[in-house]
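# Understanding the architecture of this molecule
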Amino acid sequence: MVKLAPSILSANFAALLDDVIQVEEAGAEYLHIDVMDGHFVPNITIGPLVVKALRPQSRMCFDVHLMIENPELYVEQFINAGADLITVHVEAARHLHRILSMIREKGVRAGVALNPATPPGAVEYILPLVDLVLLMTVNPGFGGQAFIPEVLPKIRTVRQMLDERGLNAEIQVDGGVNLDTVAAVVRAGASVLVAGSAIFDSADIASAVRRIREAAAMDGSDS
């Protein structure tokens, strides 16, 4: 079954807990937490203290996406704050194997992320170490961007790479996921959908979660 990961990047930070509770009650499995440092990406968001504050209030999988330089310096802080899954970017990790191994040794699920222009071969040899491959379908840094359709073949390629190796890692797609794009990414092989503005900009968050899940189940050909 396809899982939903609402991104709090688009949530109302004046009422963040209320938004988190709403997506959890609507059935979202993951809470996607975008961490940006203003260096790896041109934006600054949140740190471990926000994760720590939300952790006692939710049973969702806390899916922490580190869009930061030197991620190895901060992994342990996010683990201690309550992260269930930590994803690092192949473009930001000089010693990717070491970081992924460290995350898993701490008993936390490990993910690896690729920007739109990064080829899937960049993660070929560390796939046995990951629980999730995150494919960015926008250039990271800001919410509300338009989906980049050229990434669809890369989703298919990663799905094939995992299947050929008998690996069970999930494929997550992040960026421009909405009612118009969700079916295509699922058909391409995505199993976890990050959606921010498509959910939190809605006047009815629960209805937005339900409609995206319904759209993910629709059949049809790729656009």
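Residues numbered from 1 in each chain as written. Predicted model: local features only at pLDDT ≥ 70, side-chain atom pairs only at ≥ 80, totals over all residues. Heavy atoms only, no water.

### Some remarks on the overall build of the protein
In terms of regular secondary structure, the protein is built from eight helices and eight strands. Scored against the burial criterion, the 223 residues of the protein give a buried share of 55%. Carbon and sulfur atoms make up 51% of the accessible area of the protein, which amounts to about 9800 Å² in all. One way to put it: in the protein the 17 positive side-chain charges average out to a point 5 Å from where the 27 negative ones average out. (Helix = DSSP H or I, 4+ residues; strand = E, 2+ residues; numbered from the N terminus. Buried < 20%, exposed > 50% of the residue type's maximum accessible area, 1.4 Å probe, protein only. Areas by Shrake-Rupley, 256 points an atom, 1.4 Å probe, with all protein chains shown as cover. Lys, Arg positive; Asp, Glu negative; His and termini not counted. Charge placed at Lys NZ, Arg CZ, Asp CG, Glu CD.)

### Quick word on the UniProt feature "binding site: a divalent metal cation" (unreviewed entry) in the protein
Here the UniProt feature "binding site: a divalent metal cation" (unreviewed entry) sits at His32, Asp34, His65 and Asp174. These annotated residues cover 143 residues of sequence, but their C-alpha atoms sit close together, with the largest distance between any two at 10.5 Å. Secondary-structure assignment places His32 in strand 2 (residues 30-36). Not counting residues up to four positions away in its chain, the partners in contact with His32 are Ala5, Pro6, Ser7, Ile8, Asp63, His65, Leu134, Gln172, Asp174 and Val194. Relative to the helices and strands, His65 resides in strand 3 (residues 61-67). When neighbours within four sequence positions are excluded, His65 is seen to be in contact with His32, Ile33, Asp34, Val35, Thr87, His89, Ala113, Leu134, Met136 and Asp174. (UniProt positions renumbered as here; feature names shortened; annotations may be inferred. Contact = heavy atoms within 4.5 Å.)

### So, the environment of Leu135
Along the chain, Leu135 falls in strand 6 (residues 132-136). What makes Leu135 buried here is its relative accessible area of 0%. Expressed as a C-alpha distance, the spacing of Leu135 and Gly175, which sit 40 residues apart in the sequence, is 8.8 Å. Discounting chain neighbours no more than four positions away, the residues touching Leu135 are Leu114, Lys154, Ile155, Val158, Ile171, Gln172, Val173 and Asp174.

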